[in-house]
Amino acid sequence: RMGEGMRLEDALTEIARPATHQDARPRPFSLNDCEKQLERGVPVPLRVADGNDEHGHFMLMTDVRGAPGERQFLISDPASGRTSWISEADLDSKGASPWPRMEFGHPSTQATNAYW
């Protein structure tokens, strides 16, 4: 039904498990952990939400470039169809940066979880 959303881990497990041989679980958002997955060639689904943990939305992180402290992560938003390099500082801002709204037009303010 419209507006109820979905559990991403269930969808990822059902679709990706034959290739990844693991169940997807939500994990606290950590850029270092995301970078490790990306270096293994594993795209990282992530959840973004506002400061009240509402208006959740899923995006996909597929690449990282740069040295720690100045890294940029390639993030795609399926709803807007846009892909952008987002700075480590913006991703790690704990809601102080409006990157989801500025880059993708979504009211979220921060990444809350990553999935693998």
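The structure this text deals with has already been given above.
Below or above, wherever it landed, is the structure these notes cover. Since the structure is predicted, the reported quantities are computational estimates derived from the model, not experimental observations.

Observations concerning the packing of aromatic side chains
How two aromatic rings sit relative to each other is given by the distance of their centres and the angle of their planes.
Moving on, step 1. Tallied over the entire structure, the rule returns two aromatic pairs.
Moving on, step 2. Taking the centre distance of 5.8 Å and the plane angle of 75° together, the rings of F58 and Y115 count as edge-to-face. Placement of F58 in strand 3 (residues 57–65) and of Y115 in strand 6 (residues 110–115) is noted, with a sequence separation of 57 residues between them.
Moving on, step 3. On the accessibility criterion, F58 (23% relative accessible area) is partly exposed.
Moving on, step 4. Owing to a relative accessible area of 5%, Y115 belongs among the buried residues under this scheme.
Moving on, step 5. Considering the side-chain rings of W99 and F104, the 6.4 Å spacing of their centres and the 80° angle between planes classify their relative orientation as edge-to-face. We note that W99, like F104, is buried.
Moving on, step 6. R65 extends its terminal NZ or CZ atom over the ring of W85, reaching a point 3.9 Å from the ring centre.

So, the nonpolar core
Generally speaking, soluble globular proteins have nonpolar side chains that are buried together.
Moving on, step 1. Residues F29, L46, M61, I75, L91 and W99 are the most contacted members of the largest nonpolar core, which totals 19 residues.
Moving on, step 2. Among the elements of the structure, helix 2 (31–39), strand 2 (44–49), strand 3, strand 4 (72–77), helix 4 (99–104) and strand 6 are those that each provide at least two residues to this core.
Moving on, step 3. Residues within four places of L46 in sequence aside, it is in contact with H57, F58, M59, M61, I75, W99, A111, N113, A114 and Y115.

Comments concerning the pattern of salt bridges
Moving on, step 1. Taken as a whole, this structure holds three salt bridges when the rule is applied.
Moving on, step 2. Residue E35 pairs with R71 through a salt bridge whose shortest N-O separation is 2.6 Å. In this pair, E35 sits in helix 2 while R71 sits in the loop between strand 3 and strand 4, placing the two residues 36 residues apart along the sequence.
Moving on, step 3. Looking at R71, the relative accessible area reads 3%, which means it is buried.
Moving on, step 4. The shortest N-O distance in the salt bridge between K94 and D92 comes to 3.7 Å.

Quick notes on the sheet that holds strand 4
Moving on, step 1. On the basis of which strands lie adjacent, the open sheet formed by six strands has the order 1-6-2-3-4-5 and antiparallel pairing. Edge strands, defined here as strands with exactly one partner in the open sheet, are strand 1 (26–28) and strand 5 (82–87). With strand direction ignored, the average angle separating the axes of adjacent strands in the sheet is 40°.
Moving on, step 2. Direction of pairing for strand 2 relative to strand 6: antiparallel, over a ladder of four bridges. Considered in strand 6, the bridge of A49 is made with Q110.
Moving on, step 3. In the packing of helix 1 (residues 8–20) onto the sheet, contacts are made with strand 1, strand 2, strand 3 and strand 6, and the angle to strand 6 comes to roughly 35°.
Moving on, step 4. Helix 2 rests against strand 2, strand 3, strand 4 and strand 6 of the sheet, and its axis sits at about 70° to strand 3.

Cut-offs used in this document
- Residues numbered from 1 in each chain as written.
- Predicted model: local features only at pLDDT ≥ 70, side-chain atom pairs only at ≥ 80, totals over all residues.
- Heavy atoms only, no water.
- Phe/Tyr/Trp six-rings, centres within 6.5 Å; stacked < 30°, edge-to-face > 60°.
- Helix = DSSP H or I, 4+ residues; strand = E, 2+ residues; numbered from the N terminus.
- Buried < 20%, exposed > 50% of the residue type's maximum accessible area, 1.4 Å probe, protein only.
- Lys NZ or Arg CZ within 6 Å of the ring centre and 35° of its normal.
- Core = buried A, V, L, I, M, F, W, Y, C linked by side-chain atoms within 4.5 Å.
- Contact = heavy atoms within 4.5 Å.
- Salt bridge = Lys/Arg side-chain N within 4 Å of Asp/Glu carboxyl O.
- Pairing = 2+ DSSP bridges.
- Axes fitted to C-alpha atoms, helices over the stretch in contact; angles between N-to-C directions.

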